[in-house]
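Descriptive analysis of the structure
Here is how the chains run, residue by residue.
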Amino acid sequence: MSSDKALFPYSILKSPILTAKGVSKSYDGRQILNDVKFTIHDVVRPGQREGQLLSILGPSGAGKTTLLRILCGLEKPDSGSVLVGTDQQPVVAGRVGVVAQHSPLLEHRRALGNMLFAASGNPELQDSADEEEQAMQLLKSFGIEDQADKFPAKLSGGQRQRLAIAQQIIAGNDVIFLDEPFKGLDLVAKRKVGDMIIETSNRTEKTTIIVVTHDIYEAVRISDMIWLMGLQDPSTGDPAHVASIVAQINLMDIISWRDDRHRLPAYLDMIEHIADRFPALAGLGFKDPE
Ligand SMILES: Nc1ncnc2c1ncn2[C@@H]1O[C@H](COP(=O)(O)OP(=O)(O)OP(=O)(O)O)[C@@H](O)[C@H]1O
Ligand SMILES: [Mg+2]
């Protein structure tokens, strides 16, 4: 790959915050992931407070959820390792936040109660008054403060998802994974969810959101960096049913950090670029763009 300087003309790469090292996984003798490796760096754009937003983009059934569960420490790889934080310690469950596709909420607690439960695990929140104030502020910034007294069963799918993300933030997680946040949504709803994810990633400089998705349009619209997951035979590189990361696309300083990025010519060019190469996501001779 080219040097960091060439890749990031305006942004500064700092220390790694998430590293996957040769992650492989089989289920029942069938290999799903082979040698998945990548490093996510803390990125700073001088003069701005922005977290980062990354996507892992891959075809349905490729093994995205399997990878996400391993990256979060919810599942053990057969080989390889995952390191998190600036201290690059092996991941353990609970170290990073996860919003699964159908996020489990505490159905017997109201929305505010769900927030307070998540807040109780955050050592930075001093007392219950602190927790409640933060919880209400977050519900407000996610546009669901008027739902605070409702039980999860009374919330819409989008409201549940926002509540699940707000919970991860109040729990104090800097790194949050979202599994398929756009699945089953129409275009307008996707836009809203995408904008909310961008806003969430911009809350603090430390925040890192990693979205796992098969939606090229939203991945390109919201991400700073995309990792493409493709299917390849581990020994020959030929098409197969074993997934690994086949390319990394940097959108920083091209599309991301700009308003209305989906109206930029560069946005459509990038969609075309990936779509042209999309057969390669299924393993047809995709080469690393470097
Ligand atoms: N616990 C498990 N036991 C056995 N096989 C599993 C298990 N979890 C996943 N698989 C298999 O691994 C493969 C990848 O599944 P995974 O859910 O990770 O894919 P995905 O890319 O997230 O799919 P989708 O696009 O449908 O969300 C599938 O063939 C699935 O059947
Ligand atoms: Mg999945």
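Residues numbered from 1 in each chain as written. Chains lettered and ligands numbered in written order. Predicted model: local features only at pLDDT ≥ 70, side-chain atom pairs only at ≥ 80, totals over all residues. Heavy atoms only, no water.

1. Observations regarding helix H3 (residues 111-119)
With 7 of 9 residues buried, H3 lies mostly within the body of the structure. If you follow the buried residues of H3, they end up packed against helix H4 (128-141) and helix H5 (157-170). (Buried < 20%, exposed > 50% of the residue type's maximum accessible area, 1.4 Å probe, protein only. Helix = DSSP H or I, 4+ residues; strand = E, 2+ residues; numbered from the N terminus. Contact = heavy atoms within 4.5 Å.)

2. A short note on the site of ligand 1
Neighbouring ligand 1 are 14 residues; Arg-30, Gly-63, Lys-64, Thr-65 and Thr-66 lie closest to it. A distance of 2.9 Å is found between an oxygen atom of ligand 1 and a backbone nitrogen or oxygen belonging to Gly-63. At 2.8 Å, a side-chain N or O of Thr-65 approaches an oxygen atom of ligand 1. Looking at the shell around ligand 1, the elements with two or more residues in it are strand S2 (30-44) and helix H2 (64-71). Per element, the largest residue contribution to the shell around ligand 1 is 3 residues, and it comes from H2. Tallied by class, the residues present in the shell around ligand 1 amount to 4 nonpolar, 5 polar and 5 charged. (Near = heavy atom within 4 Å. Polar contact = N/O pair within 3.5 Å; in protein donor to acceptor, adjacent residues only side chain to side chain. Nonpolar A, V, L, I, M, F, W, Y, C, P; charged D, E, K, R; others polar.)

3. As for the packing of aromatic side chains
Within the structure shown, the criterion is met by 1 aromatic pair. Taken together, a centroid distance of 5.1 Å and an interplanar angle of 40° make the contact between Phe-38 and Trp-227 tilted. Here the residue Phe-38 occupies a position in strand S2, and Trp-227 occupies one in strand S9 (residues 225-231), the gap between them amounting to 189 residues. An identical accessibility class is assigned to Phe-38 and Trp-227; each is buried. (Phe/Tyr/Trp six-rings, centres within 6.5 Å; stacked < 30°, edge-to-face > 60°.)

4. Focus: the pattern of salt bridges
Inspection of every chain in the model, using the stated rule, returns 10 salt bridges. One salt bridge connects Glu-75 with Arg-69, and the closest N-O pair in it is separated by 3.0 Å. Residue class for Arg-69 comes out partly exposed when judged on its relative accessible area of 33%. Connected through shared salt-bridge partners, Asp-195, Glu-218 and Arg-221 make up one network. (Salt bridge = Lys/Arg side-chain N within 4 Å of Asp/Glu carboxyl O.)

5. Things to note about unusual backbone geometry
The phi angle at Gln-88 is positive, at roughly 50°, despite the residue not being glycine. As for its placement among the helices and strands, Gln-88 is situated in the loop between strand S4 (79-84) and strand S5 (89-90). Of note, Glu-180 is a non-glycine position whose phi angle comes to about 50°, a positive value. Note that Glu-180 resides in the loop between strand S7 (175-179) and helix H6 (187-201). Residue class for Glu-180 comes out buried when judged on its relative accessible area of 7%.

6. So, the pairing of strand S8 (residues 208-213)
Counted residue by residue, S8 has 6 buried out of 6 residues, so it is predominantly covered. The alternating pattern of S8 places Thr-208, Ile-210 and Val-212 on one face and Ile-209, Val-211 and Thr-213 on the opposite face, and all of these are buried. Bridge analysis of strand S3 (residues 52-57) against S8 gives 6 bridges, and the strand direction is parallel. Within the sheet, the bridge partner assigned to Ser-55 lies in S8 and is Val-211. Two elements, S7 and S8, share 5 bridges in a ladder whose sense is parallel. What sits directly across from Val-175, in S8, is Thr-208. Each parallel crossover has a hand, and for S7 linked through H6 to S8 it is right-handed. (Pairing = 2+ DSSP bridges. Right-handed = clockwise from strand over helix to strand, strands pointing away.)

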